[in-house]
Amino acid sequence: MSVPADRRYGPATLPRARGPLSTAVIEALRRPPHDLPTDLGVGLDPADPIVDEDLQLTLFLCYELHYRGWLGVDESWEWQPTLLALRARCERVFEAALRRLVGAPSVPAAGVAAGLAELVAADDGPALAAQLQRRADLAQFREFVAHRSVYHLREADPHSWALPRLGGPAKAALVEIQTDEYGNGRLDRMHAELFRRTLDRLGLDTGYGAHVDVVPAVTLATNNLMSLFGLHRRLRGALLGHLAAFEMTSSLPNRRYGNGLRRLGFDEVATRFYDEHVEADAVHEQIAAHDMCGGLVRLEPALASDVLFGAAAGLAVDRLFAAHLLDSWADGRSSLRTPAPPDLPPTVSLVALPAVAPPSPPALV
């Protein structure tokens, strides 16, 4: 679904609120910058922060001010002190939940690259990629792509926050990875652009942030995790660990995603994003683990445990994301949510993406 150029690249429209905290932030962002109530978010203690709709949307609202911003929102909000204070309160709750989820991964004697390999080998998350390759129908595949659009339309940007915070071998390795992600400076080869073509082939809105309103908290959490790590210099090791785990677990799933689209009758334009990652990430895996993370820890040994924490947290939240999709589909319901009307409290229910006809099967020869 093609959209005007200004919508393709952002900023996105403010989403609808999902609770009292995100309501307060959205109402504030619609006005010129001003001080928020000093007690906003004080005592915040959701039962499960990683899947709490209000908390995760509030964080996403704050973080997006450091990316493309929000349509119609004064750019001075990016560094408004009381909004930053609220963000910090939310971050403390989110980071504490992540650390409870994964504990403190130990660094093996063989080093951080070996520790990353152990984490990846032990990852027993739900087989989402296999489901999409072999059994998912078109509606389910479109839901998956809508979820992932929140990240893939700004792919590589969160990890690029690490560049000015690194020097030496780790920085060189990260630049090598990011150069591929950004298409070596060619718009038509940027991974975000390749994904936009996949969205278009599937009949989905290609606008930046177009699907934020319909994805649940766990999807926002997979994105907020990267922003949390990227926007804090103290978490630079966790950010590189997250990227390493991402690259080390990407090649095979992307092959399966591409094959799933081919099974559904889609062409090479639709699958190119996934096909590109099969080859690129197989190379990036070694660079990320040995040159990037290994290079960082050789210069700053104290960051080894942070590297493994970032990798473990990324893998764990992705497992929660995959489980949400598979459980929803097994129950015969959508994995997406319906935003509530502005005058009603937020609710979660089924949502229908715009209809699209499946492609015609290829002609037999």
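Here goes a summary of the coordinates provided. (Residues numbered from 1 in each chain as written. Predicted model: local features only at pLDDT ≥ 70, side-chain atom pairs only at ≥ 80, totals over all residues. Heavy atoms only, no water.)

### Here's the deal with the environment of Pro126
Stage number 1. Take Pro126: it is sitting in the loop between helix 5 (112-122) and helix 6 (128-134).
Stage number 2. The partly exposed category is assigned to Pro126, whose relative accessible area is 34%.
Stage number 3. What Pro126 contacts, discounting residues up to four positions off in sequence, is Arg319, Ala322, Ala323 and Leu326. (Helix = DSSP H or I, 4+ residues; strand = E, 2+ residues; numbered from the N terminus. Buried < 20%, exposed > 50% of the residue type's maximum accessible area, 1.4 Å probe, protein only. Contact = heavy atoms within 4.5 Å.)

### Here's the deal with helix 13 (residues 251-263)
Stage number 1. If you check helix 13, its first and last C-alpha atoms are 19 Å apart, about what 13 residues at 1.5 Å a residue would give, namely 18 Å.
Stage number 2. All of the buried residues in helix 13 are Ser251, Asn254, Tyr257, Gly258, Gly260 and Leu261.
Stage number 3. Two residues or fewer after helix 13 comes Gly265, characterised by a positive phi angle close to 95°. (Expected span 1.5 Å × (residues − 1).)

### Some remarks on the layout of surface pockets
Stage number 1. Here the largest pocket is characterised by a volume of approximately 670 Å³.
Stage number 2. Residue lining of the largest pocket: 28 residues in total, with Asp123, Thr249, Pro253, Tyr257 and Asp318 positioned closest to the centre.
Stage number 3. Mapped by element, the contributors of at least two residues to the lining of the largest pocket are helix 6, helix 7 (138-152), helix 12 (236-248), helix 13, helix 14 (268-299) and helix 15 (304-330).
Stage number 4. Grouping the amino acids of the lining of the largest pocket by side-chain chemistry returns 16 nonpolar, six polar and six charged.
Stage number 5. Approximately 330 Å³ is the volume found for the second largest pocket.
Stage number 6. Lining the second largest pocket are 17 residues, with Arg7, Ala12, Thr13, Gly209 and Ala210 positioned closest to its centre.
Stage number 7. Residue classes in the lining of the second largest pocket are distributed as nine nonpolar, five polar and three charged. (1 Å grid on protein atoms, 1.4 Å probe; cavity = no way out; pocket = protein on both sides within 12 Å on 5 of 7 lines; lining within 4 Å. Points joined across faces, edges and corners; volume = space filled by probe spheres on them. Nonpolar A, V, L, I, M, F, W, Y, C, P; charged D, E, K, R; others polar.)

### Thoughts on the packing of helix 11 (residues 217-230) against helix 12
Stage number 1. As a packed pair, helix 11 and helix 12 sit with axes 7 Å apart at the nearest point and diverge in direction by 140°. As summarised for this structure, helix 11 and helix 12 are arranged oblique, according to the angle between their axes. Where helix 11 abuts helix 12, its residues Leu225, Met226, Phe229 and Gly230 lie against Arg236, Ala238, Leu239 and His242.
Stage number 2. Across the contact of helix 11 with helix 12, the residue classes tally to five nonpolar, two polar and one charged. (Axes fitted to C-alpha atoms, helices over the stretch in contact; angles between N-to-C directions. Parallel < 35°, antiparallel > 145°, perpendicular 65-115°, else oblique.)

### Quick look at the nonpolar core
Stage number 1. Ranked by internal contacts, the top residues of the largest apolar core, which has 103 residues, are Phe141, Phe144 and Met292.
Stage number 2. With 13 residues, the single largest contributor to this core is helix 15.
Stage number 3. Setting aside residues up to four positions removed in sequence, Phe144 forms contacts with Leu128, Leu132, Tyr257, Tyr274, Phe321, Leu325 and Trp329. (Core = buried A, V, L, I, M, F, W, Y, C linked by side-chain atoms within 4.5 Å.)

### A word on the pattern of salt bridges
Stage number 1. Evaluation of the coordinates by the stated rule reveals 15 salt bridges.
Stage number 2. Close ionic contact of Glu95 with Arg234 constitutes a salt bridge, the shortest N to O distance being 2.6 Å. With Glu95 in helix 4 (residues 81-102) and Arg234 in the loop between helix 11 and helix 12, this pair connects stretches of sequence that are 139 residues apart.
Stage number 3. Residue class for Arg234 comes out partly exposed when judged on its relative accessible area of 47%. (Salt bridge = Lys/Arg side-chain N within 4 Å of Asp/Glu carboxyl O.)

### Regarding helix 4
Stage number 1. Here helix 4 is 22 residues long and its end C-alpha atoms lie 31 Å apart, about the 32 Å a rise of 1.5 Å per residue gives.
Stage number 2. Three or more residues of helix 4 are buried, namely Thr82, Leu83, Leu86, Arg87, Arg89, Cys90, Glu91, Val93, Phe94, Glu95, Ala97 and Leu98.
Stage number 3. In this structure, the buried residues of helix 4 make contact with helix 2 (20-29), helix 3 (53-64), helix 11 and helix 15.
Stage number 4. Positive phi appears at Gly103, one or two residues downstream of helix 4, with a value of about 70°.

Geometric values such as these leave the question of function open.
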